[in-house]
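These are the residues of each chain, in order.
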Amino acid sequence: MTSEEHLYILALKQCKNIGNINLKKLIANIGSAKKVWESSPKSLLSTSGIGKQTIQNVGNKEFLLIAEKEIKLCEKQNISIISQKDDFYPKHLLNCDDSPVLIFYKGNLNPNLNPISIVGTRKMTLYGKSFIQELLSGLSTSKVSTVSGLALGADSCVHEESLKNQIPTIAVLAQGLNSIYPAKNKTLANKILENNGALVTEYASFEGMARENFLQRNRIIAGFSPNLIVVETAYGGGSVTTVGFANQYNRDVFALPGKITDIYSQGCNQLISLNKAETIVDINSLIKNLNFIPQPELFPKEEARIEIDPEKKNHHKILEIMTENKTISLDELAEKSGILHHKLLPILLDLEIYGYINCLSGRQYQLN
């Protein structure tokens, strides 16, 4: 669906010094993209932070013709155009100061799914691939979609494993939707569309492809979801820039640690050491930390638990108390059991590791 507003946003996007931030300022102050286009220089300069250089190309008739041509191309190729005032604009992106004023997409953007952004190196190892496979298998019963960049390596693996697990997946591109890059992933892109996923970009066809587009693409991946997972990356890899955006947007970032001698784990290890990402310890705890409720399995499997040694009488005593109370605080447990706090904490840790209880916030414990 296109509108008159989309037409004028597309015309303004061609003005040399009008990026997303300046365009938002102008629209907020003047009222609409059409009014910005038709306003006098004096009116435009009344917007804070906007100078003469910024507005020098506003009203250029040639830009309006190019915008009209772009809209016709999108209609012909079944490309949808949405602005921040439209339905289906990704809700998490709205919170980012530099989010695209306009988005082009093909496919299905389901607002009822929880998006999870996952990125990693193009030179992914078997370790990274196994992690992605296990994670997406674990998410297969949840109302989620995955978001990545359609690059070779980790991105492709995320999209492919999502398809295998019937999880809708969203590919964010660094160029217009009239072409697919890398060309090797054209078949994968078609499969994404055939399986309720989407191809998304902020770029019109007339903007072409530039190296800096990939960096800008990374900010959309970071902003698309409240969570970002980094699988493998070297020092200074593209995924590190995505983490920078995610930190700026106050997203929860998780990184897969690895051996210090493995090149494509070193970037993740560094992110963790700098407190820019949380450590991924195991799949189950990661899924819990993503903060969404999985759909129940039709035939749930009981989790294997470690048998507690009969000699550990205090462990059994705590379980008996928790069987009666289900959820209980540390202080209440200490009072009911008669076990001092410093002796009780190691017991509770054992029970959590064994799979019998969960530790909640505020020193509350819950029977599993």
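For the structure itself, consult the block above.
Below is a short write-up of the structure. (Residues numbered from 1 in each chain as written. Predicted model: local features only at pLDDT ≥ 70, side-chain atom pairs only at ≥ 80, totals over all residues. Heavy atoms only, no water.)

This part takes up the overall build of the chain. Helix and strand counts for the chain come out as 16 helices and twelve strands. By principal-axis analysis of the C-alpha atoms, the chain measures approximately 85 × 45 × 40 Å. Counting across all 368 residues of the chain, residues that qualify as buried make up 49%. In the chain, the proportion of contacts linking residues at least 24 apart, taken out of those at least 6 apart, comes to 68%. Working note: accessible area of the chain is about 19300 Å², and carbon and sulfur atoms make up 49% of it. Taken together, the 39 basic and 37 acidic charged side chains of the chain have centroids lying 8 Å from each other. (Helix = DSSP H or I, 4+ residues; strand = E, 2+ residues; numbered from the N terminus. Buried < 20%, exposed > 50% of the residue type's maximum accessible area, 1.4 Å probe, protein only. Contact = heavy atoms within 4.5 Å. Areas by Shrake-Rupley, 256 points an atom, 1.4 Å probe, with all protein chains shown as cover. Lys, Arg positive; Asp, Glu negative; His and termini not counted. Charge placed at Lys NZ, Arg CZ, Asp CG, Glu CD.)

Right, let's talk about the sheet that holds strand E10 (residues 327-329) for a bit. In spatial order, the strands read E10-E12-E11; together these three strands make up an open sheet with antiparallel pairing. Edge positions in the sheet fall to E10 and strand E11 (357-360), since each of these pairs with one other strand and no more. Along the sheet, successive strands turn relative to each other by an average axial angle of 25°, direction set aside. Summarising the sheet, E10 and strand E12 (residues 364-367) pair through three bridges and their orientation is antiparallel. The residue bridging Ser329 from the neighbouring strand is Gln364, located in E12. Relative to E12, helix H14 (residues 313-325) is tilted by about 85°, and along the sheet it contacts E10, E11 and E12. Lying on the sheet, helix H15 (residues 330-337) is in contact with E10 and E12; it crosses E10 at an angle near 85°. (Pairing = 2+ DSSP bridges. Axes fitted to C-alpha atoms, helices over the stretch in contact; angles between N-to-C directions.)

Attention now goes to helix H10 (residues 211-224). An α-helix turns once per 3.6 residues; consequently, residues spaced three or four apart project the same way. Here H10 lies mainly inside the structure; ten of its 14 residues are buried. Buried residues of H10: Asn213, Phe214, Arg217, Asn218, Arg219, Ile220, Ile221, Ala222, Gly223 and Phe224, and no others. Close packing links the buried residues of H10 with helix H2 (20-30), strand E3 (114-119), strand E4 (144-148), strand E5 (169-172), strand E6 (198-201) and helix H11 (238-248).

Packing of H14 against helix H16 (residues 341-354) brings their axes to within 10 Å, and their N-to-C directions diverge by 75°. As summarised for this structure, H14 and H16 are arranged roughly perpendicular, according to the angle between their axes. Here Asn314, His315, Ile318 and Leu319 of H14 come into contact with H16, specifically with Leu344, Ile347, Leu348, Asp350 and Leu351. Each residue belonging to the contact of H14 with H16 can be placed in one class, and the counts come to six nonpolar, two polar and one charged. (Parallel < 35°, antiparallel > 145°, perpendicular 65-115°, else oblique. Nonpolar A, V, L, I, M, F, W, Y, C, P; charged D, E, K, R; others polar.)

What follows is about the nonpolar core. With 40 residues, the main nonpolar core has Leu10, Leu12, Trp37, Val58, Phe104 and Leu150 as its most contacted residues. Element by element, the count of residues in this core is highest for helix H1 (residues 4-13), at six residues. When near neighbours in sequence (up to four residues on either side) are disregarded, Leu12 contacts Ile18, Leu23, Ala33, Val36, Trp37 and Val58. Core analysis: the second largest hydrophobic core is formed by 29 residues, Val119, Ala246, Leu271 and Ala277 among them. (Core = buried A, V, L, I, M, F, W, Y, C linked by side-chain atoms within 4.5 Å.)

As a further point, take the side chain of Thr233. Note on placement: Thr233 falls in the loop between strand E7 (227-230) and H11. Apart from residues no more than four positions distant in its own chain, Thr233 is found in contact with Thr121, Ser239, Val240, Ile263, Tyr264, Ser265, Gln266, Gly267 and Cys268.

Our focus in this paragraph is H2. Listed in full, the buried residues belonging to H2 are Asn20, Asn22, Leu23, Leu26, Ile27 and Ile30. What you see down the axis of H2 is that its buried residues fit within an arc of 165°, all on one side. In this structure, the buried side of H2 is in contact with H1, helix H3 (33-38), helix H4 (41-44), helix H5 (52-55) and H10. Phi turns positive one or two residues past the end of H2, at Gly31, with a value near 125°. (Arc of directions from axis to C-beta.)

These values are about where atoms sit, not about what they do.
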